[in-house]
Amino acid sequence: MKNMEQVTMAKKITIMAMMTAACLITNNGLAMTVPAAGSFAYDLYDIGVNQILLGPIGFVAGVACMVFAGILAIRQMILPAAGVVLGGAFLLKADSVVQTVGGTVC
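Residues numbered from 1 in each chain as written. Predicted model: local features only at pLDDT ≥ 70, side-chain atom pairs only at ≥ 80, totals over all residues. Heavy atoms only, no water.

Draft legend 1. A look at the packing of aromatic side chains. For the structure on display, the rule yields 1 aromatic pair. Seen in terms of ring centroids, Tyr 42 and Tyr 45 are 6.4 Å apart; in terms of plane orientation they differ by 35°. Their pairing is tilted. With Tyr 42 and Tyr 45 both in helix 2 (residues 40–53), this residue pair falls 3 residues apart, about one helical turn. For Tyr 42, a relative accessible area of 25% puts it in the partly exposed group. (Phe/Tyr/Trp six-rings, centres within 6.5 Å; stacked < 30°, edge-to-face > 60°. Helix = DSSP H or I, 4+ residues; strand = E, 2+ residues; numbered from the N terminus. Buried < 20%, exposed > 50% of the residue type's maximum accessible area, 1.4 Å probe, protein only.)

Right, here's the structure in full:
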């Protein structure tokens, strides 16, 4: 019986080592760049990012998320409120997020 426990422990250690090694393997992160002006992709980018996300629609959505998070916090629903605050902060600071992070593609 003791031998079986040792084999099971060895399997667990091997799996943990393989998972750790898989997590440590790195790839080059490639950020999507802004498409060239005048192309079809730039028109989609301009509408989606510049006019909606960074425009008044994104700002109103961010403020609405913060208000909703406040309502959830008052109702003692802390975990959902934290997620909504993070989403609202993303919407309010979307210009910084778009510039710094970009769309990371692995």
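Draft legend 2. Layout of a nonpolar patch on the surface. Among the surface-exposed residues, Phe 59, Val 60, Val 63, Met 66, Val 67, Phe 68, Ile 71, Val 85 and Leu 92 lie close enough to one another that they form a single nonpolar patch of about 740 Å² accessible area. For the nonpolar patch, the secondary structure elements donating two or more residues are helix 3 (56–74) and helix 4 (78–92). In terms of residue count, the dominant contributor to the nonpolar patch is helix 3 (7 residues). If you trace the backbone, Leu 92 turns up in helix 4. (Patch = residues over 30% accessible without salt bridge, like charges linked within 9 Å, V, L, I, M, F, W, Y side chains within 5 Å. Areas by Shrake-Rupley, 256 points an atom, 1.4 Å probe, with all protein chains shown as cover. Salt bridge = Lys/Arg side-chain N within 4 Å of Asp/Glu carboxyl O.)

Draft legend 3. Structural detail: helix 4. In this model helix 4 runs 21 Å from its N-terminal to its C-terminal C-alpha over 15 residues, within 8% of the 21 Å that 1.5 Å per residue would give. Among all positions in helix 4, only Ala 81, Val 84 and Gly 88 are buried. In an axial view of helix 4, the angular spread of the buried residues amounts to 65°, which keeps them on one side of the axis. Of the residues in helix 4, the exposed ones pointing more than 90 degrees away from the buried face are Leu 79 and Leu 86. Of the surrounding secondary structure, the elements contacted by the buried residues of helix 4 are helix 3. (Expected span 1.5 Å × (residues − 1). Arc of directions from axis to C-beta. Contact = heavy atoms within 4.5 Å.)

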